[in-house]
Amino acid sequence: MRIGIDLGGTKISGIALDSTGCQQAYERVATPAGDYRGTIQAIVELVEQLEQRTERANSIGIGTPGALSPTTGLMRNSNSTCLNGMPLKQDIETLLGRSIQMSNDADCFALSEASDGAGRGANSVFGVILGTGVGGGLIINSQLVNGANAIAGEWGHNPLPWMTSDELPGAERMWAGDAGEAASNFVAELMEAGEVLGDISGASYPALLDVLMVGRAVRPSFGSHPRLAIWGLLEALSLIHI
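## Things to note about the overall build of the chain
Right, so step 1: A count of helices and strands for the chain gives seven helices and 10 strands.
Right, so step 2: Across the 242 residues that make up the chain, the buried fraction comes to 36%.
Right, so step 3: Taking the contacts inside the chain whose residues are at least 6 apart along the sequence as the reference set, 54% of them involve residues at least 24 apart.
Right, so step 4: For the chain, the exposed surface amounts to about 13,200 Å²; the carbon and sulfur share of it is 53%.

As structure tokens, this is what we get:
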């Protein structure tokens, strides 16, 4: 029996699989945001719940935001910043009283899709995560590419032009309902941008604003939530330049 834990910025989910890959138990809890000790305790309790349901001790693998430093073994590059600089793997092993496996969540996702998911049989697979943070994993010839600093595939580190004053966080606030509605139309709006306006891969920030305004003039439905639409286009630019 195997247990897999997905540590996210919003939730922590866990699943227990038997030797054939069939699900035997599933649990999900909220992530104690900004609380390192609380996060560790939540993971340990989640493992204990799954093992109570399966009535046995299991091998454990954990996918995390960020990665363990190859040099120090401490967490780094995590959007859940309370994890950075902390011995997460060691602390969890101490509380559980056994060894565990731990890797970057996007790497786990990409490797899973390459082995028996949407990327099965492909020579190269690039997996993208859009969640509380952004992440990526790269698989070449069925092998995970880690890189010297364990951040290979992390497209969120790609540089973009510096923001103008009206594009800085907090310049325009949006309600959660607006964000949820815009997110549901995210892919469709990007497709509309390409269909109406052609290639935007070389666009600057001012050009993106022009793209948004022209797109809305041609199709009123495009970019109905300007701030999210601009950031959506920027995410597309990041991916284009990989």
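Resuming the write-up.
## Focus on helix H1 (residues 36-54)
Quick reminder: α-helices carry 3.6 residues per turn. Residues three or four places apart thus point the same way.
Right, so step 1: For H1, built from 19 residues, the straight-helix expectation of 27 Å at 1.5 Å per residue is met to within 8% by its first-to-last C-alpha distance of 28 Å.
Right, so step 2: Among the residues of H1, Tyr36, Gly38, Thr39, Ile40, Ala42, Ile43, Val44, Leu46, Val47, Leu50, Glu51 and Thr54 are the ones counted as buried.
Right, so step 3: If you follow the buried residues of H1, they end up packed against strand E1 (2-7), strand E2 (11-17), strand E3 (23-30), strand E4 (59-64) and helix H2 (88-96).
Right, so step 4: The N-cap of H1, judged by a side-chain oxygen 3.4 Å from the amide nitrogen of arginine 37 a few residues on, is aspartate 35.

## Quick word on the environment of tyrosine 36
Right, so step 1: You can see tyrosine 36 is positioned in helix H1.
Right, so step 2: Along the primary structure tyrosine 36 and leucine 88 are separated by 52 residues, whereas in three dimensions their C-alpha atoms are 8.8 Å apart.
Right, so step 3: Residue contacts for tyrosine 36: discarding those within four places in its chain leaves Cys82, Leu83, Met86, Pro87, Leu88 and Asp91.

## Points about the side chain of aspartate 18
Right, so step 1: Here aspartate 18 shows up in the loop between E2 and E3.
Right, so step 2: Despite its burial, aspartate 18 pairs with no opposite charge; the closest candidate is arginine 2, at 5.8 Å N-O.
Right, so step 3: Among the polar contacts listed, one links the side chain of aspartate 18 to the backbone nitrogen of cysteine 22, at a separation of 2.9 Å.
Right, so step 4: Non-local contacts of aspartate 18, meaning those with residues more than four positions away in its chain, are made with Met1, Arg2 and Gln24.

## Details of the sheet that holds E1
Right, so step 1: Here we have five strands laid out as an open sheet, ordered E3-E2-E1-E4-E7, and mixed in their pairing. Because the sheet does not close on itself, it has two edges, and the strands there are E3 and strand E7 (101-104). Each neighbouring strand pair of the sheet contributes to a mean axis angle of 15 degrees, computed without reference to strand direction.
Right, so step 2: Pairing geometry for E2 and E3, over seven bridges, is antiparallel. Residue pairing for E3: leucine 17 is matched across the bridge by glutamine 23.

## So, H2
Right, so step 1: Among the residues of H2, Leu88, Asp91, Ile92, Glu93 and Leu96 are the ones counted as buried.
Right, so step 2: Packing partners of the buried residues in H2 comprise E1, H1, E4, strand E6 (75-76) and E7.
Right, so step 3: Positioned one or two residues after H2, glycine 97 has a phi angle of 75 degrees, which is positive.

## Overview of the nonpolar core
Right, so step 1: Among the nonpolar cores identified, the biggest contains 24 residues, and Ile5, Ile62, Leu88 and Ile92 are the most heavily contacted of them.
Right, so step 2: Looking at this core, the elements with two or more residues in it are E1, E2, H1, E4 and H2.
Right, so step 3: Looking at this core, the element that brings in the most residues is H1, giving eight residues.
Right, so step 4: Residue contacts for leucine 88: discarding those within four places in its chain leaves Leu7, Tyr36, Ile40, Thr64, Met75, Leu83 and Met102.

The rules behind the values
Residues numbered from 1 in each chain as written. Predicted model: local features only at pLDDT ≥ 70, side-chain atom pairs only at ≥ 80, totals over all residues. Heavy atoms only, no water. Helix = DSSP H or I, 4+ residues; strand = E, 2+ residues; numbered from the N terminus. Buried < 20%, exposed > 50% of the residue type's maximum accessible area, 1.4 Å probe, protein only. Contact = heavy atoms within 4.5 Å. Areas by Shrake-Rupley, 256 points an atom, 1.4 Å probe, with all protein chains shown as cover. Expected span 1.5 Å × (residues − 1). Polar contact = N/O pair within 3.5 Å; in protein donor to acceptor, adjacent residues only side chain to side chain. Lys, Arg positive; Asp, Glu negative; His and termini not counted. Salt bridge = Lys/Arg side-chain N within 4 Å of Asp/Glu carboxyl O. Pairing = 2+ DSSP bridges. Axes fitted to C-alpha atoms, helices over the stretch in contact; angles between N-to-C directions. Core = buried A, V, L, I, M, F, W, Y, C linked by side-chain atoms within 4.5 Å.

Taken by themselves, the reported measurements are silent on function.
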